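Each chain, letter by letter, is given below.
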Amino acid sequence: MVSSPSPPAGQIFVDIHTVLRDGNDGIASLRDGQQPIRAGAAGGGSSGEARKPMPLLVRQISLESGIAVLDTGKEVKRASSGKAKADNRVLSRNGKSLGGLSATGGDAAHRKGDFNIFRTKSTLGSRQNSLLPSRRENRPDLHCANGAPGSAGMGDRVTDSVPAGRYFAALRGPELDQVRDYEDILLPKDEVWPFLLRFPIGCFGMCLGLGSQAILWGALATSPAMAFLHVTPDINLALWLIALAVFAAVAVTYTLKCIFYFEAIRREYFHPVRVNFFFAPWIACMFLAIGAPPRIAPKLLHPATWCTCIAPVFVLELKIYGQWLSGGKRRLSKVANPSSHLSVVGNFVGAILAARVGWEEAGKFLWAVGLAHYLCVFVTLYQRLPTSEALPKELHPVYSLFIATPSAASIAWKAIYGEFDAVSRTFYFIALFLYCSLVVRINFFRGFRFSMAWWAYTFPMTTASVATIRYAEEVPCAFSKGLALSLSLMSSIMVSLLFLCTLLHAFVWRSLFPNDLAIAITRDRSGGTRSHGKEKRHAK
Amino acid sequence: MVSSPSPPAGQIFVDIHTVLRDGNDGIASLRDGQQPIRAGAAGGGSSGEARKPMPLLVRQISLESGIAVLDTGKEVKRASSGKAKADNRVLSRNGKSLGGLSATGGDAAHRKGDFNIFRTKSTLGSRQNSLLPSRRENRPDLHCANGAPGSAGMGDRVTDSVPAGRYFAALRGPELDQVRDYEDILLPKDEVWPFLLRFPIGCFGMCLGLGSQAILWGALATSPAMAFLHVTPDINLALWLIALAVFAAVAVTYTLKCIFYFEAIRREYFHPVRVNFFFAPWIACMFLAIGAPPRIAPKLLHPATWCTCIAPVFVLELKIYGQWLSGGKRRLSKVANPSSHLSVVGNFVGAILAARVGWEEAGKFLWAVGLAHYLCVFVTLYQRLPTSEALPKELHPVYSLFIATPSAASIAWKAIYGEFDAVSRTFYFIALFLYCSLVVRINFFRGFRFSMAWWAYTFPMTTASVATIRYAEEVPCAFSKGLALSLSLMSSIMVSLLFLCTLLHAFVWRSLFPNDLAIAITRDRSGGTRSHGKEKRHAK
Amino acid sequence: MVSSPSPPAGQIFVDIHTVLRDGNDGIASLRDGQQPIRAGAAGGGSSGEARKPMPLLVRQISLESGIAVLDTGKEVKRASSGKAKADNRVLSRNGKSLGGLSATGGDAAHRKGDFNIFRTKSTLGSRQNSLLPSRRENRPDLHCANGAPGSAGMGDRVTDSVPAGRYFAALRGPELDQVRDYEDILLPKDEVWPFLLRFPIGCFGMCLGLGSQAILWGALATSPAMAFLHVTPDINLALWLIALAVFAAVAVTYTLKCIFYFEAIRREYFHPVRVNFFFAPWIACMFLAIGAPPRIAPKLLHPATWCTCIAPVFVLELKIYGQWLSGGKRRLSKVANPSSHLSVVGNFVGAILAARVGWEEAGKFLWAVGLAHYLCVFVTLYQRLPTSEALPKELHPVYSLFIATPSAASIAWKAIYGEFDAVSRTFYFIALFLYCSLVVRINFFRGFRFSMAWWAYTFPMTTASVATIRYAEEVPCAFSKGLALSLSLMSSIMVSLLFLCTLLHAFVWRSLFPNDLAIAITRDRSGGTRSHGKEKRHAK
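Quick caveat, the model's predicted, so the values are computed rather than measured.

Undergrad: Hey, could you run me through the overall build of chain A in this one?
TA: Helix and strand counts for chain A stand at 20 helices and 7 strands. Classification of the 540 residues of chain A by burial places 60% in the buried group. At a minimum sequence separation of 6, the contacts of chain A that also span at least 24 residues come to 75%. Only carbon and sulfur atoms are counted for the fraction: they give 63% of the accessible area of chain A, which is about 20900 Å².

Set out below in structure tokens:
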């Protein structure tokens, strides 16, 4: 029984998943939140309770009734697929309700077919011909037995872009990655999804973290200010190779996701926080180009490198900044969140790379674009308008992105205009202050679930370290060198810790890729069934 | 019958224009929206229907019943002046209702008197002495036959400044120039108003467009970067003379409006979008001064030129920026819209002119003022706060103003500080990016009614072209020169197209100056009649 | 009888303070707002009215009943302390209700004990042992005679930080220093509080005003641009000594308040406007250091001066900017008000001092921090978001703070980067425009009650004068020198006037330190009594 925060007296939320085996014997599993509690008699009682006529404000009763197909393989597929809404009138919640009651066979196929809704449209058409009809027949709208109108609705619910407001309404957390309790999702929560569906765009954050480390150690090895450390350039090489390997792996995997589950990627793209991570692959690319070891890369890279990396960034920017300015509901005052910095920092990284390929003017162009939008994002985030709901009360690693943009702007100015002058200094010092501002807050890394996106939150520290090295070159004194050293160490330690954490999650706890619930929210609150909405209106 | 959006059950708005001449003979014309449909018998039927209790969703049935007095002259003055509100109780809507019922004669005078409400107060008093009393007697509040209290209300309704919120409530469109369906206006919609009343401040946009073209072709002729084009300075001279002539014509016409219909100008001034166009005349002036052909103007203009042009701009700025900061309801978060750029760009144009008269310090002052307020406007517009309702979902020519300010800032910096350095570049590149951002949106010029204000939306393109020429002087390469050339061509083509469009509207379709509905909205939703408001409250 | 603005028909607000003398003879004082109107019979009538069973929406009935202890000394202590809420059920409003009815003796002790709630916690425990129990017994929740639960609530009400929203809800005016009519406060309004409780943090504003004058006259004496005035450095010395003396006096007094009434200081700290004045002492310190006469101070001050002054500023900034960015409800879009400039200007003043001690890099750091947050504050204040309620419709001296920050930024840039270049000019001209913008508004100093905080509003004028002197050094012409001279005179005259005003208030009208009502608001609207809130809910 999941109750909303502070429900008014008399309002009862019931969320029951009952597995009725062999039709009559009820082994009910009453879920509270995410943890399934198995209760035999109690479950039967509550299912009986659920069948009683409820008062008006009953919101959520899901009664899972179906034949359990317990797969003993790696993935625990529980027979919680068929969901029913037992009210006075039995209503379909997410279109798959009570399928098991009428059609006892073909349920395994039904289960697998669920994930097809996120498949790329063309492959869906060509490959799933045999599966789809049966799936569609298994999804009858109970009031119209033929089910033909319902099937169209299901397809629409996935394909149509989810409006920005829905993401804010259905999800929570600073990364909008947790589904609110009362929300229904399109895919089963208690089943492990296919690997590709669980592989979010945020994984490119790892490439950002490692790529920037490669740059940092390159800078430590070559900077005259840090010559006293005698860092060998081999660390740069090693880190760069690791970063390259990880990037290749992540890129290949995500390309596969792109091929097979394009609909899932579309939903990531419409996610107000995730969309900013679409800049990550190209920024990671640029990091690899910038951090390329001197013995591999020429002094001046070929401009084609820059063009290749910056083209997708530029197109994305035209799209996203245009949305802020003129498009529909995705206004900046609504969607601004710390991860918006990712959509700005690309410009400054691009400017640095432009200097490396010798196209300073192009770099200055990017720097100007970055400045204009950084201003907007910075002021908007500092204001914390009442309309931007995504910002959490507590601090979160995502706030470290605040450091990234001014640091990168500072380095980029030095790279394109040739001197670490007042502008560079101003941006660098802003980054430094924000760094202080975050460091003094003790509850920084507390109480948040690890995710691959955290990797993206390490590169700001690294960028700040590189900026400090550049500053130490300009103002070579004990303080600046010490600061550069300590910031570099901090960022390296952080990356090491995160690397360890990732390994533990990947191989020990096997929880590196949890179900990516954020992409599976329903398009409407009512889960797409019109009758449900009607009922709600009626209740009022 | 006009029903408000989502009207409460039982609330019926009826808007019937009945001119009952000779008391009994009714020739009704049933209007829906703007297009009058003349229907003799049907009109009679609908007038009967209008008295019946109507179903809820009927939106607009205006019943004009009267004998058409079709004027065959230039201005079609139709006898739709008397407006009646036929409800169960017959109520006056805008104070002129059913005048014809009691006073059958003197209606032509009554008609003309309508426009007097926008006349300059002194002329109203001196000239209309003979007309006004009759007009006032023709406007009886039906419940108090003497009509004396009503007349005061009518005068107030025009003279008192309309609050900013009313403009947003009663008007729509990105230029706030279309009246919402359910709104009543003070002047007859279906009659052609006096020319001066239809001559909006936006006509100065034409001067902006032509004046900036003169500057552009002057720059093309004299800039060393564009010397390869061998542009003759005669084009500059010709364009400048045209611009000067147009400016003179528009200025004289608007001065006449100022003399005869000062109240209409006051209403334009309180219009949240229009007020920004009050900068246009002075900016156009400055354009003429800057673009003056070398063979006419001396190298260094006289400072008096600058003083004359900038004084009104400065006064307006003190007024408008002060309103943003401290005055009443016209807060920036509410009134910000792309046309606000017009109130900022004047500073930068003034700075350019200041450099031309040799007062660099004054130019730097204006540049700083411009920068500060540009920042505010830019960030506010990018945020698209939920409070700024005027911004349309679709793109509109008005968005091109986004390009104007950074372009002008870039040119101005070069003019006053003498070099196209990092600041100039940054502003120029911001303008360039915004240009790209707008160009890639295909629905740019789609589905919007032409208006004279569009001319104001060409000068940003021209300014961007001039800035590109300045950039090409600094960075003379094939790319920059090609860009300068293509942007110049684009802006010239656009101006030519608009010129053609204006000619067509002016002489072929004779629709260049439609009724300027935006200035004639009522001051209160209820149209000023207290009994109407009372009725609404009663209905709730 | 205080009625809310536009109360719906049928809703009656009654606020009656009746002083019942000798138990039966009712000399009622019916208050309207702040002015007590003594009305014998009428008051009795309304008190009778108040005793009648009221309809549901009665909100506020305060019936003061107690024995008058009319002190004939300097402080008029009226016996209006006991406040009762006469409804059907008699409810305690602020915990001191009806004390006089049951316990006619010991009322003087009761009165004095009231102020103890703002005492420093440790002293409260050690010294007031004898008083507190009696006080607590005097505050019975009438429904539970033992009063134990109530006493805990009272302690909490003072100690717990008052949420930002409460200050906005309970207070009004641009400085949030006036209590709204319907609000109850913890301390008696009609009694003069202990001096230390009436000594607000805003008194440091006087140090700001005098310290900046010392700097101004120092600049006038030493600047080559103003050499034509032949100002003697003795004025600087004299002013500096006065400023030092005043600072010492204010600092000692406030330290005493800190020792004895720490809870009052905590409440000042949580006040959204007052918190910015916590920067004032340290800025005043820095002013003294910067303005130190050459014959006393060395050319280059010791860096320790800077460290001492800037450390508390930096800690406060980390706290306050962090609140804007990430903490709870004190988001910038909510708490921004002109006094927020005080929290920014410290950075620039610190940068100037850093240049005086020879730590330019530290100055550049502060300047960058100042710039970033100035941007946010400036844009937010210019936007006047609908969420920032504190901004008044009319202008107020507090708006002069708008001038302070850009002026200080301009001077600081010159100090740390060594030249009055484009950046300095830009900031200086922004300040100049804002100065103009405020000067042209005639209702600048109209209709506002004098307070010590006004002193803080003189230093922006002085800072602008100093910036003008620096500008006149860069651009030595008649206009700039004349401007510098006139601005200096204006600021000196303003300070002189304010000095006179302060003396008059202090010694003639003896109203320099009125009761500081803002710190004594209740933590909840209902004044802490749970039964009251319950009743309100019931009424709905």
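Undergrad: Explain the confidence of the model for chain A to me, please; I cannot follow it from the model alone.
TA: Note that predicted coordinates carrying low pLDDT should not be read in detail. Chain-level pLDDT for chain A is 73 on average; 65% of the residues reach the 70-or-more range. Every residue in residues 1-113 of chain A is under pLDDT 50, and counting partners more than four places away or in other chains gives 199 contacts.

Undergrad: Where do I start with the relation of the copies chain C and chain A in this structure?
TA: Superposition of the two copies of the chain requires a rotation about an axis and a shift along the axis. For the pair chain C and chain A, the relating rotation is 120°, the translation along its axis is 0.0 Å, and the fit reaches an RMSD of 0.0 Å. Those values place the two copies in the arrangement expected of a three-fold rotation axis. Proximity to the rotation axis, assessed at the C-alpha, singles out V379(C) in chain C; its C-alpha lies 4.5 Å from the axis. In this assembly the copies use different faces: only 12% of the residues contributing to the interface of chain C also contribute to that of chain A.

Undergrad: How do you make sense of the relation of the copies chain B and chain A when you look at a structure like this?
TA: In the superposition of chain B on chain A (RMSD 0.0 Å, axial shift 0.0 Å), the rotation amounts to 120°. Interface residue correspondence from chain B to chain A reaches only 15%, placing this contact among heterologous pairings that use different surfaces.

Undergrad: Looking at this structure, I do not really get the packing of aromatic side chains. What am I missing?
TA: For any two aromatic rings, the description comes down to two numbers: the centre-to-centre distance and the angle of the planes. A full pass over the atoms with the stated rule returns 90 aromatic pairs over all chains. Summarising the aromatic geometry, the rings of Y269(A) and F278(A) are spaced 5.7 Å apart at their centres and angled 85° between planes, so their arrangement reads as edge-to-face. On the basis of an interplanar angle of 90° and a centroid distance of 5.5 Å, the ring pair of F365(A) and F429(B) is categorised as edge-to-face. On the criterion of chain membership, the pair formed by F365(A) in helix α15 (residues 360-383) and F429(B) in helix α18 (residues 422-439) is interchain, its members lying in two chains. Note on accessibility: F365(A) and F429(B) belong to one class, buried.

Undergrad: What am I meant to see in the interface of chain B and chain A here?
TA: A common way to express how large an interface is: the accessible area buried when the components associate. Counting residues at the interface gives 27 residues for chain B, matched by 34 residues for chain A. Overall, the association of chain B and chain A removes approximately 2600 Å² of surface from exposure, summing both partners, and the carbon and sulfur fraction of that is 68%. Where chain B meets chain A, there are 1 salt bridge. Here R425(B) ties to E361(A) by a salt bridge, and the two come within 3.0 Å at their closest N and O atoms. There are 12 residue pairs in polar contact (both at pLDDT 80 or more) connecting chain B and chain A.

Undergrad: Explain the pattern of salt bridges to me, please; I cannot follow it from the model alone.
TA: Close approach of charged atoms allows side chains with opposite charge to pair. Under the counting rule described, the total for this entry stands at 24 salt bridges over all chains. Between D516(C) and R274(C) there is a salt bridge, with the nearest N and O atoms lying 2.6 Å from each other. Taken together, the positions of D516(C) in the loop between α20 (478-508) and α21 (530-539) and R274(C) in helix α11 (residues 274-277) put the pair 242 residues apart, joining distant regions of the chain. Under the relative-accessibility criterion, D516(C) is labelled buried at 6%. Residues participating in the shared-partner salt-bridge network are K257(A), E268(A), R274(A) and D516(A).

Undergrad: Looking at this structure, how should I read the UniProt feature "transmembrane region" (unreviewed entry) in chain A?
TA: Taken from the UniProt record, the annotation "transmembrane region" (unreviewed entry) applies to residues 195-217, 237-256, 277-297, 365-385, 397-416, 422-440, 452-472 and 484-508 of chain A. Overall, residues 422-440 of chain A shows 95% helix and 0% strand. The separation of its end C-alpha atoms is 27 Å.

Undergrad: Would you mind going over the side chain of S492(C) with me for this structure?
TA: Relative to the helices and strands, S492(C) is located in helix α20. Those residues in contact with S492(C), other than ones at most four positions away along the chain, are Q213(C), L216(C) and W217(C).

Undergrad: What is the right way to read the interface of chain C and chain A from this model?
TA: Opposite the 34 residues of chain C that make contact, chain A presents 27 residues. Of the roughly 2600 Å² buried where chain C meets chain A, counting both sides, 68% is carbon and sulfur surface. Counting across the interface, chain C meets chain A through 1 salt bridge. At the boundary of chain C with chain A, the tally comes to 12 residue pairs in polar contact (both at pLDDT 80 or more). Counting residues per element, the ones that place at least two in the side of chain C that touches chain A are α13 (303-326), α14 (332-335), α16 (360-383) and α17 (401-417) of chain C. Counting residues per element, the side of chain C that touches chain A draws most heavily on α16(C), which supplies 14 residues. Taken together, the residues of the side of chain C that touches chain A break down into 18 nonpolar, 10 polar and 6 charged.

Undergrad: Looking at this structure, how should I read the nonpolar core?
TA: For soluble globular proteins, nonpolar side chains are generally found buried alongside one another. Grouped together as the largest cluster of nonpolar side chains are 460 residues, with contacts concentrated most on W367(B) and W367(C). With sequence-adjacent residues up to four places away left out, W367(C) is seen in contact with T426(A), F348(C), A351(C), A409(C), A412(C), W413(C), I416(C), V423(C) and F427(C).

Undergrad: Before we go on, may I ask you to explain the environment of N515(B) in this structure?
TA: All names here are of chain B. Structurally, N515 is set in the loop between α20 (478-508) and α21 (530-539). With a relative accessible area of 17%, N515 lands in the buried category. C-alpha separation for the pair N515 and V423, spaced 92 residues apart in sequence, amounts to 44 Å. Ignoring sequence-local partners within four residues, the contact set of N515 consists of P188, K189, E191, V192, W193 and R198. A distance of 2.5 Å separates the side chain of N515 from the backbone oxygen of E191, its partner in a polar contact. Side-chain polar atoms of N515 contact the backbone nitrogen of W193, separated by 3.0 Å.

Undergrad: Help me out: how do you make sense of the packing of helix α19 (residues 459-474) of chain B against α20(B) in this one?
TA: The geometry of a pair of packed helices is captured by two quantities: the angle between their axes and the separation between those axes. All names here are of chain B. It is the contact of α19 with α20, at a shortest axis distance of 8 Å, that shows an interaxial angle of 160°. When the axes of α19 and α20 are compared, the pair comes out roughly antiparallel. Here the hand of the crossing between α19 and α20 comes out left-handed. Each of M461, T462, A464, S465, T468, I469, Y471 and A472 in α19 lies in contact with α20, whose residues at this interface are S480, K481, L483, A484, L487, S488, M490, S491 and M494.

Undergrad: So what exactly am I meant to see when it comes to the packing of helix α15 (residues 340-357) of chain C against α16(C) here?
TA: Residues and elements named next belong to chain C. Remark: α15 packs on α16, axes separated minimally by 8 Å, with the N-to-C direction vectors making an angle of 160°. Regarding the angle of α15 to α16, the classification is roughly antiparallel. α16 is crossed by α15, and the crossing has left-handed handedness. Residues S340, H341, V344, N347, F348, G350, A351, A354 and A355 of α15 touch α16, and the partners they reach there are E360, A362, G363, L366, W367, V369, G370, L371, H373, Y374, V377 and L381. Classifying every residue of the contact of α15 with α16 gives 13 nonpolar, 7 polar and 1 charged.

Undergrad: Looking at this structure, how should I read the environment of E191(A)?
TA: With respect to the helices, strands and loops of the structure, E191(A) is situated in the loop between β7 (178-179) and α8 (204-222). Along the sequence, E191(A) and N515(A) sit 324 residues apart, while their C-alpha atoms lie 8.2 Å from each other.

Conventions used here
Residues numbered from 1 in each chain as written. Chains lettered and ligands numbered in written order. Predicted model: local features only at pLDDT ≥ 70, side-chain atom pairs only at ≥ 80, totals over all residues. Heavy atoms only, no water. Helix = DSSP H or I, 4+ residues; strand = E, 2+ residues; numbered from the N terminus. Buried < 20%, exposed > 50% of the residue type's maximum accessible area, 1.4 Å probe, protein only. Contact = heavy atoms within 4.5 Å. Areas by Shrake-Rupley, 256 points an atom, 1.4 Å probe, with all protein chains shown as cover. pLDDT = per-residue confidence, 0-100. Least-squares fit on C-alpha atoms with pLDDT ≥ 70 in both. Phe/Tyr/Trp six-rings, centres within 6.5 Å; stacked < 30°, edge-to-face > 60°. Buried area = accessible area lost by both parts, 1.4 Å probe. Salt bridge = Lys/Arg side-chain N within 4 Å of Asp/Glu carboxyl O. Polar contact = N/O pair within 3.5 Å; in protein donor to acceptor, adjacent residues only side chain to side chain. UniProt positions renumbered as here; feature names shortened; annotations may be inferred. Nonpolar A, V, L, I, M, F, W, Y, C, P; charged D, E, K, R; others polar. Core = buried A, V, L, I, M, F, W, Y, C linked by side-chain atoms within 4.5 Å. Axes fitted to C-alpha atoms, helices over the stretch in contact; angles between N-to-C directions. Parallel < 35°, antiparallel > 145°, perpendicular 65-115°, else oblique. Left-handed = near helix turned anticlockwise from the far one by under 90°.

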